[in-house]
Amino acid sequence: MGFLNVFQRVSQSPTNPHPTPTARAFDVADLYRGPVSTASGSTDPGVPPCDEKLRQAYFWIVNTAIISPHYDIEYNDGPPQSFSLGDTKSRLTLPSAQSYSSFVLLPLLTFAARRKCLFIGGPGRGKTASAILMGVIAGYSVREVRRAMQHGHPQMTIADLLGNPLPADLVNAQRIEDIRIAWRQWLSMRVKIIDEYNRIPTRTQSALLTVMGDNYAEILNHIYECPDSAWFLTANDDQGGGTYQVIEALRDRIDVIVQALGFNSRFLQDLLSRIEENIRPEEVVPRQIIFTEAEVDRMQEEIRAIRLPDEVRRRLEFFASQFEFCEVAAEQFEYKAKDTARLAGMEWHTLTAQETGRDRLKDLGCQTVNGLSVRVLMTLLIYSKALAYFRGNQAVELEDVRQILPFVLRDKLAPDTEAPFFEAPGHAVYRADRVGWLRKVFDLSCAEFDRLDLDREDAVAAFAAEFQRGLDGLSENETRSRLVKIERLITEWAKGRKLYGHLYDDLLKLKYLHQRYTNYLRWLKTQ
Amino acid sequence: MKAISPTLANVLRANRAELNTRFASARHLYPRLNSLVFGALLQTAVDELVQSVERVRPDRIGDVALAAYDAALELAGQDLIGPAARHPFVEESWRILLPKVAAIVASDPSRVIASVSNAVHQLATIPETRPQQWIEVMASLAPDCSDVETFLKLGQVAGWRAGLAHFRRSALAMADTLPERLALAAIGAKPDTRWAEARGKLLQNPWHNPAEGHNDITGIRLAAQAGAFRGFGGLFSEPPEVASAGEHFLVYSGGDCWLLTADAFGATFHRATKAEFEDAQSNRSLPTRVKIKGSHILLDEQPFEFPALGDYGSVAANDTTLALTGRFTHTIVLVALQ
């Protein structure tokens, strides 16, 4: 039929228009494109690029499938309108550019980049429905997705999760290799959904960890290699609660956490329409937004190809350098890290009590009890690229990093809620609001970066760039000169400056460069 | 109030629940969809079409009625048909053209109804084009079309003729696939013309008018005027400037840029970027036939004057066309050079 169900209407391209000087090719076939859709359900004759298709999927989900009027990922291309409301002067911002709902966007980015996303929030808020939609846009039928979804429950065994040895083989086999395994179907899928993962018993969680972390399953020495896939997990509680405590390694494998926010009662009419029209969004997903395996492969490649400009990377480096440093954790410089204290089993408050005369309010490192892992930083880079890709850009913008960062770090950067920062006027709210707190920390980091004028005056970056040009042909004199410069800089920094996380990383970098030049000089002397 | 014919009434009755759901869904998408307006549309345009189809393909009544119902929902929901319509042409096409091609509609109702509606709407929303002409040309020639594909190709060529100059090359290629008589009629050529001859002239000279047949006018002459002041419904907030861009022109006015495509059938503007305009300006060069001496323009060493333009503001040219703008007008003057 010509007029397709409105629930299958996909936003027209371009969904996020950019000024693009293009060579025009006017095609008279366009004469028949317009306000009336044809039998094919689309007036668009071509297949859009993957990023455009991803945006169309986003807008279809947000406009039709999932009622999530929470535009919490805000972009502006001019000054936004901002209002202060209520006794606490709550700020409501009306963004001036295309902004997004994290509850829909983050799962889509996870799907595109084939990562792992955890939905958290109370029951009945659309966590499982969102996960199912991701399976459907990956090309599986609703029935396949539902059947493949793993429901966590207290009696879930490893066999329930991964599969069973064939009973006949168990009886007849002479060697363990002869026992065939009936692997569970979901292991072969490219979208994997674990519902209520915090209800899975601890032992079974360990088996799940192997699949999530290493992408294979093992039973009786038999290995099943899983394809690259996007993972969607749900939990009613992200604090590790539930029937079983979630093992830390499993939590650490989750790349982003997204919260299902409450239903806005102003949208009750939409629910009513669904009941009256007997519509289940997952059953009417338009075919235009269903991705083939090859398209998802291509998206991954295209996301990886998104550029991260040096100036954005530097700010991210500066931010990341704030947290791991702990001056009193060790005597040797390299071990002055929160992780050293954690591994030694020291109590956090014992450490903070020994703090030196640093400004604990200003020092961003004092706000957390841990630092950032390599895995987290890699995840942050990938999601920043994915967000830039989704927005149709070729390079990551600082705002992309700022917007995505809280969802990646939510469970990874633990706040020290006793820190002076949280005692400051207006900051108590950040004890509960992880997303707001993480964005605030990043903003403070960027402000400090600006104050130090590191965009223009970054001696360490200059040294690193100089080193990056290579050691081939470097004379002895020049090498010595560089060593002296490094030593001078450290001497200057040593004069009465307090030690902060970013300086600590800079000093370690200088030590690294110094060591490389020293080794080179030693080699040079033998020539 | 006109009663619905028993034929349409039967279809509506047989699909009542389904059609009510579709109406509810459409209202979800188009909150302004008015049931009274839509009902009136069913009684008039949709009913007339269904009755026409009944005369030629009674077996297809159901499919046509349902396709027309759906298309009418979309059009009425967007105020493109009915009393509140932004222009009358879609409704005219339903009442004049579609009943005349009932057999074609019956073959692929959804596609034909959507294509006709979209084509007319596109023409109606592009300034200086002639949707009325398109409807008339199609109504007179469509009965000669043997199938849906031929009908749609004819519509594309007729669309170019109705003023969509940017489709020129693509429409010419489409006309190549039509029967010769139909192709010639679609571009308004005289019956004694050969398609190969007409095609050659059209390819060579955008200002060739096929209606002139063998007596076509050539030489330097005022060919067209395009664009107008925004206050009068045009695009330009201030007198425009032009630059040559291959066979087209780039136009700049008040911070905005457009690509101007023009030929004997019409002129259309398409959004462009300032970078494109600046690039075209930096590479500008005039054909040797065109010279600027002080405040005068020489064409083939002869002074060219267009008094209504006043002092010229900018000049651009390619092998076939000279584009001129004035300092105090918002119109671009296009001079045929062939």
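Conventions used here
Residues numbered from 1 in each chain as written. Chains lettered and ligands numbered in written order. Predicted model: local features only at pLDDT ≥ 70, side-chain atom pairs only at ≥ 80, totals over all residues. Heavy atoms only, no water. Helix = DSSP H or I, 4+ residues; strand = E, 2+ residues; numbered from the N terminus. Buried < 20%, exposed > 50% of the residue type's maximum accessible area, 1.4 Å probe, protein only. Contact = heavy atoms within 4.5 Å. Areas by Shrake-Rupley, 256 points an atom, 1.4 Å probe, with all protein chains shown as cover. pLDDT = per-residue confidence, 0-100. Axes fitted to C-alpha atoms, helices over the stretch in contact; angles between N-to-C directions. Parallel < 35°, antiparallel > 145°, perpendicular 65-115°, else oblique. Left-handed = near helix turned anticlockwise from the far one by under 90°. Pairing = 2+ DSSP bridges. 1 Å grid on protein atoms, 1.4 Å probe; cavity = no way out; pocket = protein on both sides within 12 Å on 5 of 7 lines; lining within 4 Å. Points joined across faces, edges and corners; volume = space filled by probe spheres on them. Nonpolar A, V, L, I, M, F, W, Y, C, P; charged D, E, K, R; others polar. Buried area = accessible area lost by both parts, 1.4 Å probe. Salt bridge = Lys/Arg side-chain N within 4 Å of Asp/Glu carboxyl O. Polar contact = N/O pair within 3.5 Å; in protein donor to acceptor, adjacent residues only side chain to side chain. Phe/Tyr/Trp six-rings, centres within 6.5 Å; stacked < 30°, edge-to-face > 60°.

Chemist: It is not clear to me how the overall build of chain B should be interpreted in this structure. Could you clarify?
Modeler: In terms of regular secondary structure, chain B is built from 13 helices and 11 strands. Across the 338 residues in chain B, those meeting the buried criterion constitute 54%. Residue pairs at least 24 apart in sequence account for 57% of intrachain contacts in chain B once pairs closer than 6 positions are excluded. Carbon and sulfur atoms make up 52% of the accessible area of chain B, which amounts to about 14,600 Å² in all.

Chemist: How should I be thinking about the overall build of chain A in this particular structure?
Modeler: Each helix and strand counted, chain A has 20 helices and 11 strands in total. Sorting the 527 residues of chain A into buried and exposed places 49% on the buried side. Contacts in chain A between residues far apart in sequence, at least 24 positions, make up 77% of those at least 6 positions apart. Summed over its atoms, the accessible surface of chain A is roughly 25,600 Å², and 50% of this surface lies on carbon and sulfur atoms.

Chemist: What exactly am I supposed to notice about the confidence of the model for chain A here?
Modeler: Reading predicted coordinates in detail is not appropriate for stretches of low pLDDT. On average, residues of chain A carry a pLDDT of 88, and 94% of them reach 70 or more. Taken together, the stretch residues 40-45 of chain A has pLDDT below 50 and engages in 14 contacts with residues farther than four places along the chain or on a different chain.

Chemist: Before we go on, may I ask you to explain the packing of helix H18 (residues 459-468) of chain A against helix H19 (residues 476-494) of chain A in this structure?
Modeler: What describes two packed helices is the angle between their axes and the distance between those same axes. All names here are of chain A. One way to put it is that H18 packs onto H19 with a least axis distance of 12 Å and a crossing angle of 165°. When the interaxial angle is binned, H18 and H19 end up roughly antiparallel. By crossing handedness, the relation of H18 to H19 is classed as left-handed. Of the residues in H19, those touching H18 at Ala459, Val460, Phe463, Glu466 and Phe467 are Glu478, Arg482, Lys485, Ile486, Leu489 and Trp493.

Chemist: Would you explain the sheet that holds strand E10 (residues 321-326) of chain B in this entry?
Modeler: Whether parallel or antiparallel, the strands of a sheet pair through hydrogen bonds between backbone atoms. Residues and elements named next belong to chain B. Spatial ordering of the open sheet is given by E1-E11-E10-E9, a layout of 4 strands whose pairing is antiparallel. Strands with a single pairing partner mark the edges of an open sheet, and in this sheet they are strand E1 (221-226) and strand E9 (312-317). Neighbour-to-neighbour, the strand axes of the sheet open up by a mean angle of 25°, direction not taken into account. Note that E1 and strand E11 (residues 332-336) share 5 bridges and pair antiparallel. Each bridged residue has a counterpart across the sheet, and for Gln225 the counterpart in E11 is Val333.

Chemist: How should I be thinking about unusual backbone geometry in this particular structure?
Modeler: Trans is the prevailing form of peptide bonds, just as negative phi is the prevailing case for residues other than glycine. Phi at Asn215 of chain A takes a positive value of approximately 70°, unusual for a residue other than glycine. A residue is classified by how much of its surface remains accessible, and Asn215 of chain A, at 18% relative accessible area, is buried. One non-glycine residue, Asp79 of chain B, adopts positive backbone phi at about 55°. Of note, Asp79 of chain B is situated in the loop between helix H4 (61-77) and helix H5 (89-100). With a relative accessible area of 16%, Asp79 of chain B lands in the buried category.

Chemist: It is not clear to me how the layout of surface pockets should be interpreted in this structure. Could you clarify?
Modeler: Where empty space is left can be seen by rolling a probe of water-molecule size over the atoms. All names here are of chain A. Space inside the second largest pocket adds up to approximately 1,200 Å³. For the second largest pocket, the lining is made up of 31 residues, of which Glu74, Arg91, Asp433, Gly436 and Arg439 are closest to its centre. The biggest single contributor to the lining of the second largest pocket is helix H17 (residues 434-451), with 6 residues. Residues of the lining of the second largest pocket, tallied by class, amount to 11 nonpolar, 9 polar and 11 charged.

Chemist: Whenever I open this one, the interface of chain A and chain B confuses me. Can you help?
Modeler: By a widely used convention, the size of an interface equals the accessible area lost when the partners come together. Contact residues are listed per partner, giving 27 residues for chain A and 42 residues for chain B. Approximately 3,000 Å² of surface area, both sides summed, lies buried where chain A meets chain B, with 65% of it carried by carbon and sulfur atoms. Across the chain A-chain B interface, the total number found is 0 salt bridges. Remark: the boundary between chain A and chain B carries 9 residue pairs in polar contact (both at pLDDT 80 or more). Its residues assigned to classes, the side of chain A that touches chain B shows 12 nonpolar, 8 polar and 7 charged.

Chemist: For this particular structure, what's the right way to read empty space enclosed by the protein?
Modeler: Residues and elements named next belong to chain A. A full pass over the atoms with the stated rule returns 5 cavities of 30 Å³ or more. Approximately 60 Å³ is the volume attributed to the largest cavity. Around the largest cavity sit Phe325, Cys326, Lys338, Trp348, Leu351, Thr352, Glu355, Arg358, Asp363, Gly365, Cys366 and Thr368, which together line it. Looking at the lining of the largest cavity element by element, the count peaks at 3 residues for helix H13 (residues 348-353). Its residues assigned to classes, the lining of the largest cavity comprises 5 nonpolar, 3 polar and 4 charged.

Chemist: Would you mind showing me how to read the packing of aromatic side chains here?
Modeler: Considering all chains together, one arrives at 28 aromatic pairs over all chains under this definition. With 5.1 Å between their ring centres and 40° between their planes, Phe333 of chain A and Tyr504 of chain A make a pair best called tilted. Linking Phe333 of chain A in the loop between helix H11 (310-320) and helix H12 (338-343) with Tyr504 of chain A in helix H20 (residues 501-526), this pair joins segments that are 171 residues apart in sequence. Since its relative accessible area comes to 27%, Phe333 of chain A is described here as partly exposed. Ring centres of Phe236 of chain B and Phe269 of chain B lie 5.5 Å apart, and the angle between their planes is 85°; this geometry places the pair in the edge-to-face category. Note that Phe236 of chain B is positioned in the loop between E1 and strand E2 (241-245) and Phe269 of chain B in strand E5 (residues 266-272), a separation of 33 residues in sequence. You can call Phe236 of chain B buried: its relative accessible area is 0%. Ring pairing ties together the aromatic residues Tyr58, Phe59, Tyr75, Tyr100 and Phe390 of chain A, which thus form one cluster.

Chemist: Just checking my understanding: could you explain the packing of helix H3 (residues 35-56) of chain B against H4 of chain B for this structure?
Modeler: Residue and element names in this part refer to chain B. It is at 10 Å that the axes of H3 and H4 come closest, and there the two elements cross at 150°. On the basis of the axis angle, H3 is roughly antiparallel to H4. Here the hand of the crossing between H3 and H4 comes out right-handed. In contact with Phe38, Leu41, Leu42, Val46, Leu49, Val50, Val53 and Glu54 of H3, H4 contributes Ile61, Val64, Ala65, Ala68, Tyr69, Ala72, Leu73 and Ala76. For the contact of H3 with H4, the per-class residue count stands at 15 nonpolar, no polar and 1 charged.

Chemist: I tried to follow the sheet that holds strand E11 (residues 256-259) of chain A on my own but got confused; where do I start?
Modeler: Residues and elements named next belong to chain A. Pairing is parallel across the open sheet formed by 5 strands, whose spatial order is E4-E7-E10-E3-E11. A single partner strand is all that each edge strand has here, and the edge strands are strand E4 (150-151) and E11. Here strand E7 (residues 191-195) runs beside strand E10 (residues 230-235); their pairing, made up of 4 bridges, is parallel. Bridging across to E10, Lys192 finds its partner in Trp231.

Chemist: I keep staring at the pattern of salt bridges and nothing clicks. Help me out?
Modeler: Once their charged atoms are close, side chains differing in charge can pair, the charge on each being opposite to the other. Residues and elements named next belong to chain A. One pass over the structure, following the stated rule, counts 51 salt bridges over all chains. Between Arg251 and Asp411 there is a salt bridge, and its shortest N-O distance comes to 2.8 Å. Linking Arg251 in helix H8 (residues 248-253) with Asp411 in the loop between helix H15 (398-409) and helix H16 (420-423), this pair joins segments that are 160 residues apart in sequence. A residue is classified by how much of its surface remains accessible, and Asp411, at 22% relative accessible area, is partly exposed. Here Arg391 makes a salt bridge to Glu397, at a shortest N to O gap of 3.2 Å. Taking relative accessible area as the criterion, Glu397 reaches 35% and is therefore assigned partly exposed. Here the salt bridges do not stand alone but share partners, grouping Asp310, Arg313, Arg314, Glu317 and Asp458 into one network.

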